Each structure stands twice: as C-alpha cells, then as structure tokens.
Amino acid sequence: MQLLTLIVLAPLAGFAVNGLLGTRFGGERVGKRFVSVVGCALPAAAFLLAVKCFADLVAGAGAPLAEVAYTWTIIAGNPFEIALYFDRLSAVMVLIVTGVGTLIHIYSIGYMKDDASYARFFAYLNLFLFFMLLLVLGKSLLVLFVGWEGVGLASYLLIGFWFEDPVNARAGKKAFIVNRIGDAGFLLGMFVLFQGLGTLDMVTINAAFANGPNPAVSASLAGLLLFIGATGKSAQIPLHIWLPDAMAGPTPVSALIHAATMVTAGVYLVARMSGLYLQAPEASAVITVIGMATAFFAATVAVAQTDIKKTLAYSTVSQLGFMFVALGVGAYGVAVFHVFTHAFFKACLFLGAGSVIHALSGEQDIRKMGGLARRIPVTFATFAIATAAIAGIPPLAGFFSKDEILWFAFASGRGGSPLLWAVGAATAFMTAFYMFRLLWLVFLGSSRMEPEAEHHVHESPKSMTGVLVVLAVLSAFGGFISVPHFLEPMLPLPAVVPELEHYERTLLVVSVVIALAGLAGAAWVFGRGTARAERVRARFAGLHRLLAGKYFIDELYDALIARPLWWISERVFLGIGDRMLLDGSLNGLARLAQRGAGALSRVQSGNLQRYVFFVAIGTIACLAWGFRHG
Amino acid sequence: MNNAEMLLFVSMAMFSIGLLGVIVRRNVLVMLMCMELMLNAVNLSLVTMSQQTGTTIGAVLVFLIFVVAAAEIAIAIPIVLLLVRRKRTLDLDAYTDLKG
Amino acid sequence: MIESVLGNLDTVLLWLFALSALVGGALMLVLRHPMQVAMALISTMVFLGGIYGLLGVHFIAAFQVLIYVGAVMVFMVYVIMLLDVRDPSLRGRYSRMLVPGIAAALALLAVLAFAVLHGGLAPAHASASYTLQQFSVAFLTEYWLYFELTSVLLVAAVVAALAVIKETGTDHEQR
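Since the model is a prediction, treat every value here as computed from it, not as a measurement.

Draft legend 1. Structural view of the overall build of chain C. Secondary structure summary: chain C contains eight helices and zero strands in total. Its helices and strands taken in sequence order, chain C reads α-α-α-α-α-α-α-α from the N to the C terminus. Nonlocal contacts in chain C, meaning residues at least 24 apart in sequence, comprise 62% of its contacts between residues at least 6 apart. For chain C, the exposed surface amounts to about 10,400 Å²; the carbon and sulfur share of it is 72%.

This is the structure:
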C-alpha cells in the first residue's frame, strides 16, 4: 500500500480540484462550501494517513518505511528516483505539517470567509502542503529540492495573494528572490556532494560520513553551501529580510508558512544531513555563530516594532536562530523538538493575531489597541498561554525546548560555551520581554482603539476560536512529548563537557528566572498605560530609532547591491548593449539599405538622353563580349 | 579597301554619329532626326550586304524599315507636339517626369 | 587622269556620295537651328539614295527619296516651322551627356570596326544584283508574312494617330 505517496498526493488533489473548479480561472463551478470541505478534508486525510504510518513505524521499532514512487532516469548507473522515506525525523515533521496544517485550513474557513478569491486561497494552501510533504518525505536531495523550490513558489503566491496592491506583490517577489540567492548555495552544495560521492541520496550520504571525514568531498564545504540555502529559506542573517515583509500575506499564511512549517525546512535539512555535519566542525561553528547572532539581533528589533504581525515575524526569526544554535552545537534532536513546540505556540500566536485583526476590522498597529481582554476573551486566553509558552515559563512547551537548547549551548562538547549561553540567555530575556509587551499593549490596559473599530469588536467564529483552543492546549502540554528521546536512536545528543555537567540544575532555575524577569519587566514598563514606555523611549531615542528601523539593513542592501545592479542594467546593458549595439546595428543596417537605395535611385534621373546613353553602353558591352574571340 | 568595306564603314560611322546626336543634342526634334539618321545607316548596311550576297532578304528588310520609319514618325511627331504643349519648351532637359 | 576618273566613274561617285552623306550626318551634330539640321538630314538622305542607285537597287533608291525625304522629312519640316523659334535649346545645343556620349560613340565605332575588320566579308557574288521583278516575287511569296505584318503595323499607326488627334481635339474643347 503506497501510503507515503498517498500522503503526498492528497493535498495535490485538493489543489487540482479547487484550482480547476472553484477559481475564476476554472469558471467558479463550485461554491465556497465545496471548496472548504475539499480543502480541509484532504489535508485531514493526509494527517490520518501520517498517524497510521507513525503507528507502523513505532510497531516496527523505528525501521524506516521507504517507497519509490517513480524512477526519473538512470544516468551512468546512478538512478534518480522520486523516493519517499519515512523515518523518525520525517515522522515528526510530517505530523507537524499535516496536523498544524489541517488546523490552519480549518481556521481559514472563518478568516477568509468574505474574500473573493476564496477557492484560489485554498488551492494555493493545498499546493503548499503538497510541496512541503514532498520536502520532508524526500529520500534524495533532489526530491527535497523540488519540494524546497515548490514551497518557495507557494510562499510567493500566497504572500502576494492580494496582488492588486503592489506592496504585496513586491513582498512576494522579495521573498522569492532572496530565497533564490540561498538556493544558489544549495545547488552548489548538491553539486559538490554529487561530484564527490556520486549520489544525492541522503541516507547514503550520511552513511558515507559515518566513520569519519570522507576524503572524496570536503564535508565542511558541502555543509556550508547547504547551510547557505538554509539561511535563505529559514530567514537567518544575512537573508532574513524577506520574512518581515512576508507579513503582507493573509494571516493564516503567515501562521502556516512563515511560522510553523516552511521556515523550518532549513532546520530540517541540517538535521537530516546530521551525518554530514557531525564531520564538519567548521560549518557547524558558522551555523552556531549565525544562529546566535540572528536570534539576538532579531529579538532586539522585535522590542521596538509597532505592528503586531511584524513583532511576531521577528520573533520567528529569533526562534529560528535558536534552532540553528542547537544544530550548530550538535543537538539535532533538540532543534527538532523546538521546531515541534514552536509550531504550536507560534501558530497559535499568529492565528490569535489574525483573530485580533479580524475583530478590529483590519487594524494591525498595536498603538491603536488595548483593553481587548474583556471583549474577546477566548482569543486573549489562548494568546496569553502561547505567550507564556514562548517566553519559557514552565511547565508550558516552550520552556522544555528552549531550556534544552540553552543547556546544550552552554555545555555541548561540540562548540558549547558560557559566552554562547550568555547571549542566548539575554535573547531569552528579550523574548519574554517583547512578547509580554505585546500581550499588554494589545489586550490589557486602557483602550487606545479607534472609535469606529472599537464599536465593531467581536469574538471570532467557532471555526477560528476552536483552532486557537486546540493550539493553546498543545502549546501547554506539548512539551511533555519527549521528542529528543524519540529521535535519539537516529540523532544522538552530543556529549556534554564533563566539568560543566553539574550546572544543569542551576541553569534550569536561571531559565525560569529569566522568563519571569521578562514578564516582570514588561509589566513594569507597559503595565500602567504607555507613559512609562514613552519615557523609556525618549531616553534611548537613537537606539529606538535604530531598532525600529530594523538596523536599516534593507536600505543597506538597496544601496550596496540593488542600486549598483540597477545602474549596471540601465547604463551598461540597456544603454550600451541594447540601444547602442543591438538597436544601433539593426538601425544601421536599415539606414545603410536606405542610403544605398537612395544612391541607386539616382540612375532614374528622368533624363531621356541619359537612358539612351546607358542603352548604348549596354549594347557596346554586349557586342564586345560577342566579338571577343576576334 | 573595296567598296563594300567602305560602305560598311560609312554605315557604321553614320550610326555612331546618329547615336551621338541622340545623346548630346538638346532639341527634341533634332533628336528625332538623329534617330532617322541611325535608321538610314542601317538601311545602307543592309543594302550593301544584300548586294554582296546576292540575296533579296536585305532589300526586303529595307522596305520594312521604310514602313516602320514612316509609321514611327507619324506617331512620334504628335507625341512631341503634346509634350511641347505641356512643357512649353523643346528642351529635353525639361522632360524629367520619369524621375525617381 | 580624266580617263581614269571617267573609267571608274561609278566608284568615284560612290565614294563621293558616301563622303557627302557622312559630312551631312556630321553637320547634323553641329548646326544650331533645327531647320538647318533638317536640311542636312535631307541632303544625307538624297546622297544615300544616290548610293543605292549606284549599287543598282533603283527601286530602293526611289523609295528612299519618296518616303524618307518626301514624307518623313516634309512632316518634320512642317513641325519645325510650327514650333517656337525662341527656345532655350537653341542657345545651348548640347546636353550634359556630351563627353560621355562622345566616348560611347567612339567605343561603338571601335567595336564595330573591329568586328568588320576581323570578321571578314563574304566574297562578292558574281551575278551581283537582282532585278526588281525578282525582288517583288520574293517579297510577295517568300516573305509574304512580313508584307502582311507591315500592313498591320500601318493600321496600328493610323489608329494611334487618330487617338492622338482625339486627345488634341478634347484638349482644344476644354480650353
């Protein structure tokens, strides 16, 4: 029974049906109800199939399921197949993708109810699920890459969903193009691996590095190149710029793609290639540094943001940085654990934000919110639980995963250090601080809403709040599912430096203290209206401007890269190449023909005697030719 | 050089002179008369050769040329008259309507 | 000397007439007034008629004078007298193609002379001439097609002349 193929194809069928029947392209033959049912039932079916496969996996004591769906070609003895592979890591990822994905589909029924392109939305969401499943179930880097590119496409389509507004279209383009830059690194990594090992099958590649470095290919080089792809997809420095702009898409998209699933593809890639990275200490060091830097800087920027979704976007970037730190120090299972918990609470946060925006008829500026707790209680409760989870307050999910990351950052034998832990701890403090800031400014305190919006505040429909409740419950209790332990046979945890082993209990307590300190700090600054916040801001005006402007990195890129490229394109290629050379040569040819014709037409002078002269010349020439033999 | 050769040379010379006259003279009537000179030169050569070979074909052709020359002049002169009426001059340089 | 001249009177006259014809032709190039040019042409044609007579083809000589001089040149003279004397072409005789024309004429002469000199002439026939009767018989039997074609040509000329007259007539009426 080709279960894995069915899992992958179910959402694709949903895309085909909804896309061909429900959209304006297809003639709008079916109504919204049909689209909703098809659009949600197929991902739910995929989820159930995934549960079944998971049961089979557990029953088989973790023996991976493999299926070959199709053999593309065989080049020089190397088969290129569409092969699907279900082992412990894939199981976790598939369950997250299908589970959270289905929930978000159900949420979208309520959120996108009044949208004109309802069917198109569900079609694109299903398309995204198809590609994401292909990504996590692929056995070779090639199939993964197909899924990789596909989710990039789906992301572009969905970010620019309301494409009539050019801002949205531009955001979609930015996401796609920045991803492409990362993909160049990914492709180079694939080439290096293929050239050295002759195969792109990930299981084979990991096995090739099982006993130490492989002389055929430099593990660090390949690892670094693949990581460049991961920076693009998972929004790490320097390619993180697309994620905040991607908030231009509808909120379910932000929740599904840019929080729970697509952006974790980079983490999945590194975790999957753990065999390679275990033999690549240089690449792992780079991953650690970039991950920590990203986490820290994104957290600083999130403190000063005024848009609810942008705050959450920077928070995502920061949490992804944490995951990469875990990957860098060798704790692959812990990183996946954080992906697991992050999917729950981040999706809950985003969907909660969507609920708030829905309640306020489109308002996203937190300066114009406040006092919503009593008006939309369910949203408030779920949002609060998810905030506590991300801040790391025990016993919620985020506490377990983040604490593990910080512990391994401190004590891992593969690159952990107290300095790393210190920066991580500071970031954790800031995470708690800005998340509770968000909670206070949006839900608590006195209302700063526009009177029009305040009048229409209403709780979201059951389809939306139901999903929020489910995700909140998962955020609360998901941490008790010991994912690292489940993944241990495949992704062993790194050895801890012996001298530091006894700090484990201490660091646990410190983590809790940091989370509570963040809560307290936010309450102190933002608790009593915005007066204290304004004073703090006035004191650090310059710093605030820097943070609010996200370190002006977009402007820097624009000045350093975009503008020179544009100049070259305009002046050199267009001005010289196209206009002068190509058009010039073509126009020159035309002008030459014209001038030639003009010159030749002077023969037709209209002068009769000139014509007779030419006749005479012709006659003489013919006679001479005729008499040339004497 | 016997007579026949001489007559042929005369015929060739008259033909060349006629051609030259067509090309160089500006008056349209003079040009027409030079064309007549060319025809006469041809007649001379035909008669000469007919006498040389003893066949009659040369003389027949001469007769045909007579007819053709007469018909041609009968048409050419009225055409010239119409042209002159339009352009009001006999100068060939003015007849450049076929230019371009 | 007189005896030799009188003895070869035919040849002398022949050469004389030929030379005169050539001189008449050359004069056509240099004379200014069209009437003078017409007179030169008439003289050339008459001399040619003389040559034809000396060659023995008297009928052709007769037709030469009758048709060419009597019809064609008379028509020409009428037209010359009809048209304006004060014409710019009388001040400047030659067109712009003078030098190229001279070159072309000389080239043509050279080519033709070369052809005749190297081609060789057919030897003179013993019984050189043919009589008018023989010519007429030949014209109407062997070359009858060309005879009929000339009549067609003349009809065409008549029609063309009528067409021109009609145009001339309409032009007059429009005025």
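Picking up after the structure, the text goes on.
Draft legend 2. Spatial organisation of the side chain of Ser16(B). Position of Ser16(B) relative to the elements: it lies in helix 1 (residues 3-24). Among the residues examined, Ser16(B) registers a relative accessible area of 4% and is labelled buried. Contacts of Ser16(B), omitting those with residues within four sequence positions, involve Ala105(C), Leu108(C) and Leu109(C).

Draft legend 3. Molecular detail of the side chain of Asp403(A). All names here are of chain A. Along the chain, the position of Asp-403 falls in helix 17 (residues 397-411). Here Asp-403 occupies a buried position and makes no salt bridge, while the nearest side chain of opposite charge, Arg-505, is found at 9.0 Å. Other than its neighbours up to four places away in sequence, Asp-403 contacts Gly-398, Leu-507, Leu-508 and Ser-511.

Draft legend 4. Expanded view of the nonpolar core. All names here are of chain A. Ranked by internal contacts, the top residues of the largest apolar core, which has 196 residues, are Leu-141 and Met-273. Broken down by element, this core gets its largest block of residues, 19 residues, from helix 15 (residues 332-359). Those residues in contact with Leu-141 that sit more than four places away from it in its chain are Phe-186, Met-190, Leu-193, Leu-200, Met-202, Ile-205, Leu-269 and Met-273.

Draft legend 5. Structural context of the packing of aromatic side chains. Tallying each qualifying case throughout the model produces 34 aromatic pairs over all chains. A ring pair is formed by Phe63(B) and Phe63(C), whose centres lie 4.7 Å apart and whose planes are at 75 degrees; its orientation type is edge-to-face. Residue Phe63(B) is found in helix 3 (residues 57-87), and its partner Phe63(C) is found in helix 4 (residues 58-82); the two belong to separate chains. Its relative accessible area of 14% is what places Phe63(B) among the buried residues. What makes Phe63(C) partly exposed here is its relative accessible area of 30%. Connected via pairs of aromatic rings, a cluster forms that spans Phe63(B), Phe66(B), Phe59(C), Phe63(C), Tyr68(C), Phe135(C), Phe139(C) and Phe147(C). The ring of Phe486(A) has Arg88(A) lying over it, and the distance from NZ or CZ to the ring centre is 5.3 Å. The ring of Phe161(A) is capped by Arg120(A), whose NZ or CZ atom sits 4.4 Å from the centre of that ring.

Draft legend 6. Geometry of the interface of chain B and chain C. With 68 residues of chain B at the interface, the matching set in chain C holds 83 residues. Contact between chain B and chain C buries roughly 6,900 Å² in total, counting both sides, with carbon and sulfur atoms accounting for 78%. Considering only the side of chain B, the residues that lose the most area to chain C are Arg25(B), Met33(B) and Gln51(B), jointly responsible for 10% of the buried surface there. Where chain B meets chain C, there are zero salt bridges. Where the side of chain B that touches chain C is concerned, the elements lending two or more residues are helix 1, helix 2 (28-53) and helix 3 of chain B. Ranked by the residues each element gives to the side of chain B that touches chain C, the list is headed by helix 3 of chain B, at 22 residues. Split by residue class, the side of chain B that touches chain C holds 48 nonpolar, 14 polar and six charged.

Draft legend 7. Broad picture of the pattern of salt bridges. Residues and elements named next belong to chain A. Going through the model one piece at a time under the given rule, you end up with 12 salt bridges over all chains. Among the salt bridges present, the one from Asp-87 reaches Arg-272, with a minimum N-O distance of 2.9 Å. Taken together, the residues Asp-87 in the loop between strand 2 (78-86) and helix 3 (88-111) and Arg-272 in helix 11 (residues 265-272) connect sequence positions 185 residues apart. Just as Asp-87 is buried, Arg-272 falls in that class too.

Draft legend 8. Representation of helix 10 (residues 251-260) of chain A within the structure. Counted residue by residue, helix 10 of chain A has 10 buried out of 10 residues, so it is predominantly covered. Considered for burial, the residues of helix 10 of chain A that qualify are Thr251(A), Pro252(A), Val253(A), Ser254(A), Ala255(A), Leu256(A), Ile257(A), His258(A), Ala259(A) and Ala260(A).

Draft legend 9. Representation of the packing of helix 8 (residues 219-233) of chain A against helix 13 (residues 281-303) of chain A. Residues and elements named next belong to chain A. At a closest axis distance of 7 Å, the pairing of helix 8 and helix 13 adopts a crossing angle of 25 degrees. The angle between helix 8 and helix 13 falls in the class roughly parallel. Contact with helix 8, carried on its side by Ser-220, Gly-223, Leu-224, Phe-227 and Thr-231, involves Pro-281, Glu-282, Ala-283, Val-286, Ile-287 and Ile-290 of helix 13 and no other residues of that element.

Draft legend 10. Expanded view of the pairing of strand 1 (residues 65-75) of chain A. Residues and elements named next belong to chain A. As paired elements, strand 1 and strand 2 share nine bridges and run antiparallel to each other. Directly across from Ile-74, in strand 2, lies its bridge partner Pro-79. Between strand 1 and strand 2, which pair antiparallel in sequence order, lie two residues; one of them, Ala-76, sits at a positive phi of approximately 50 degrees.

Draft legend 11. Region of the structure containing the interface of chain A and chain B. At the junction of the two partners, chain A supplies 10 residues and chain B supplies 14 residues. Buried surface at the junction of chain A and chain B, summed over both partners, amounts to about 930 Å²; 62% is from carbon and sulfur atoms. Of all residues in chain A, the largest losses of buried area upon contact with chain B belong to Gly606(A), Gln609(A) and Val612(A), amounting jointly to 48% of the total for that side. Linking chain A to chain B there are zero salt bridges. Its residues placed into classes, the side of chain A that touches chain B shows five nonpolar, five polar and no charged.

Conventions adopted
Residues numbered from 1 in each chain as written. Chains lettered and ligands numbered in written order. Predicted model: local features only at pLDDT ≥ 70, side-chain atom pairs only at ≥ 80, totals over all residues. Heavy atoms only, no water. Helix = DSSP H or I, 4+ residues; strand = E, 2+ residues; numbered from the N terminus. Contact = heavy atoms within 4.5 Å. Areas by Shrake-Rupley, 256 points an atom, 1.4 Å probe, with all protein chains shown as cover. Buried < 20%, exposed > 50% of the residue type's maximum accessible area, 1.4 Å probe, protein only. Lys, Arg positive; Asp, Glu negative; His and termini not counted. Salt bridge = Lys/Arg side-chain N within 4 Å of Asp/Glu carboxyl O. Core = buried A, V, L, I, M, F, W, Y, C linked by side-chain atoms within 4.5 Å. Phe/Tyr/Trp six-rings, centres within 6.5 Å; stacked < 30°, edge-to-face > 60°. Lys NZ or Arg CZ within 6 Å of the ring centre and 35° of its normal. Buried area = accessible area lost by both parts, 1.4 Å probe. Nonpolar A, V, L, I, M, F, W, Y, C, P; charged D, E, K, R; others polar. Axes fitted to C-alpha atoms, helices over the stretch in contact; angles between N-to-C directions. Parallel < 35°, antiparallel > 145°, perpendicular 65-115°, else oblique. Pairing = 2+ DSSP bridges.

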